[in-house]
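One-letter residues, chain by chain:
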Amino acid sequence: EDQVTQSPEALRLQEGESSSLNCSYTVSGLRGLFWYRQDPGKGPEFLFTLYSAGEEKEKERLKATLTKKESFLHITAPKPEDSATYLCAVQARNSGGSNYKLTFGKGTLLTVNP
Amino acid sequence: KAGVTQTPRYLIKTRGQQVTLSCSPISGHRSVSWYQQTPGQGLQFLFEYFSETQRNKGNFPGRFSGRQFSNSRSEMNVSTLELGDSALYLCASSLMGGGVHSYNEQFFGPGTRLTVL
């Protein structure tokens, strides 16, 4: 069974204190890995898609990387407005082989204090 | 461009009833996916519709069903509600779908908060 584990569950940073969030996965036939940001009371907001090991994507203070077993979301010099829950999800083939399923991790709650 | 809209935003039902939730995707998007989000289980995939056909399905019982109309709007139905069905139901739309492109760059709606008493 596909598994996606995010760590830590919660992370508290001071403004400007860089850190990384981890998403480790066990799937057969990874098609893509996605990062989302979710603010309270809202639906997730798409951030990145990564397809293959070694790939990196950047957006403002965020940088996502991918290896064969895990992905990291690096946050450089975070600001209070970066506070949110960050979710990762992996896309892989269904057991039947004809479709694709999406499995989410439970998220990391990031709080950035001013 | 208007985002994904979901109606209603909040719903209270009792056990045994049924409920229908609605989702209007971003204009031009043809794929709509539905998700259930709970504090304990997190976000779980329900199903995906593309061109009025269910293309992918998660591991939920048959009480959960959906459909998509020719204008890409989608509805989700839950019959014989149980207390455990209380959750935030999210829909997401994307430009492409129905296979390997199903989940790329999905845009989520604000969700429908369903409470089952």
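Everything below is about the structure printed above this text.
Residues numbered from 1 in each chain as written. Chains lettered and ligands numbered in written order. Predicted model: local features only at pLDDT ≥ 70, side-chain atom pairs only at ≥ 80, totals over all residues. Heavy atoms only, no water.

Student: Describe the overall build of chain A, listing the residues and the values that go with them.
Tutor: From N to C terminus, chain A includes zero helices and 11 strands. The C-alpha atoms of chain A give 14 Å as radius of gyration, which agrees with the globular expectation for 114 residues (13 Å, within 12%). Counting only C-alpha atoms, chain A reaches 50 × 30 × 20 Å along its principal axes. By residue count, 46% of the 114 residues in chain A fall in the buried class. Long-range pairs, those at least 24 residues apart, make up 55% of the contacts in chain A between residues at least 6 apart in sequence. For chain A, the computed accessible surface area is about 5600 Å², with 46% contributed by carbon and sulfur atoms. (Helix = DSSP H or I, 4+ residues; strand = E, 2+ residues; numbered from the N terminus. Rg over C-alpha atoms; globule rule 2.2 N^0.38 Å. Buried < 20%, exposed > 50% of the residue type's maximum accessible area, 1.4 Å probe, protein only. Contact = heavy atoms within 4.5 Å. Areas by Shrake-Rupley, 256 points an atom, 1.4 Å probe, with all protein chains shown as cover.)

Student: Quick one: what's the story with the side chain of Gln36(B), residue by residue and with numbers?
Tutor: Its location among the elements puts Gln36(B) in strand 4 (residues 31-38). Those residues in contact with Gln36(B), other than ones at most four positions away along the chain, are Gly42(B), Leu43(B), Gln44(B), Leu46(B), Phe60(B), Phe64(B), Gly84(B), Asp85(B), Ala87(B), Leu88(B) and Tyr89(B).

Student: Can you tell me about the interface of chain A and chain B, naming the residues and giving the values?
Tutor: Where the parts come together, the accessible area they lose is often given as the size of the interface. Each partner contributes to the interface: chain A provides 20 residues, whereas chain B provides 22 residues. For the pairing of chain A and chain B, the buried interface totals around 1600 Å² over both sides, and the portion due to carbon and sulfur atoms is 52%. Among the residues of chain A in contact with chain B, Tyr100(A), Leu102(A) and Phe104(A) are the three that bury the most area, contributing 28% of the side total. Linking chain A with chain B are zero salt bridges, by the criterion used here. Viewed at the interface, chain B and chain A are joined by three residue pairs in polar contact (both at pLDDT 80 or more). (Buried area = accessible area lost by both parts, 1.4 Å probe. Salt bridge = Lys/Arg side-chain N within 4 Å of Asp/Glu carboxyl O. Polar contact = N/O pair within 3.5 Å; in protein donor to acceptor, adjacent residues only side chain to side chain.)

Student: Please provide a residue-by-residue account of the layout of surface pockets, values included.
Tutor: Roughly 690 Å³ of internal volume is contained in the largest pocket. Mapped by element, the contributors of at least two residues to the lining of the largest pocket are strand 1 (3-7) and strand 10 (100-104) of chain A together with strand 5 (42-50) of chain B. Looking at the lining of the largest pocket residue by residue, the classes come out as six nonpolar, 13 polar and six charged. Computed from the structure, the second largest pocket encloses a volume of approximately 500 Å³. Lining the second largest pocket are 20 residues; nearest its centre among them are Gln38(A), Thr85(A), Lys106(A), Gln37(B) and Pro39(B). Every element with two or more residues in the lining of the second largest pocket is listed here: strand 9 (84-93) of chain A together with strand 4 and strand 5 of chain B. Ranked by residue count, the leading element in the lining of the second largest pocket is strand 9 of chain A, at three residues. Of the residues in the lining of the second largest pocket, the class split is seven nonpolar, eight polar and five charged. (1 Å grid on protein atoms, 1.4 Å probe; cavity = no way out; pocket = protein on both sides within 12 Å on 5 of 7 lines; lining within 4 Å. Points joined across faces, edges and corners; volume = space filled by probe spheres on them. Nonpolar A, V, L, I, M, F, W, Y, C, P; charged D, E, K, R; others polar.)

Student: Summarise the packing of aromatic side chains; cite the residues concerned and give the values.
Tutor: With the rule as written, the count across this model stands at eight aromatic pairs over all chains. Pairing Tyr36(A) with Phe46(A) gives two aromatic rings, centres 6.0 Å apart and planes at 75°, and the pair type is edge-to-face. Taken together, the residues span a long stretch of sequence, with Tyr36(A) in strand 4 (residues 30-38) and Phe46(A) in strand 5 (residues 45-50) at a distance of 10 residues. Consider the rings of Phe47(B) and Tyr49(B), whose centres lie 5.6 Å apart with planes at 75°: the pair is edge-to-face. Like Tyr49(B), Phe47(B) is buried. Here the aromatic residues Tyr36(A), Phe46(A), Phe104(A), Tyr35(B), Phe45(B) and Phe108(B) are joined through ring pairs into a cluster of three or more. (Phe/Tyr/Trp six-rings, centres within 6.5 Å; stacked < 30°, edge-to-face > 60°.)

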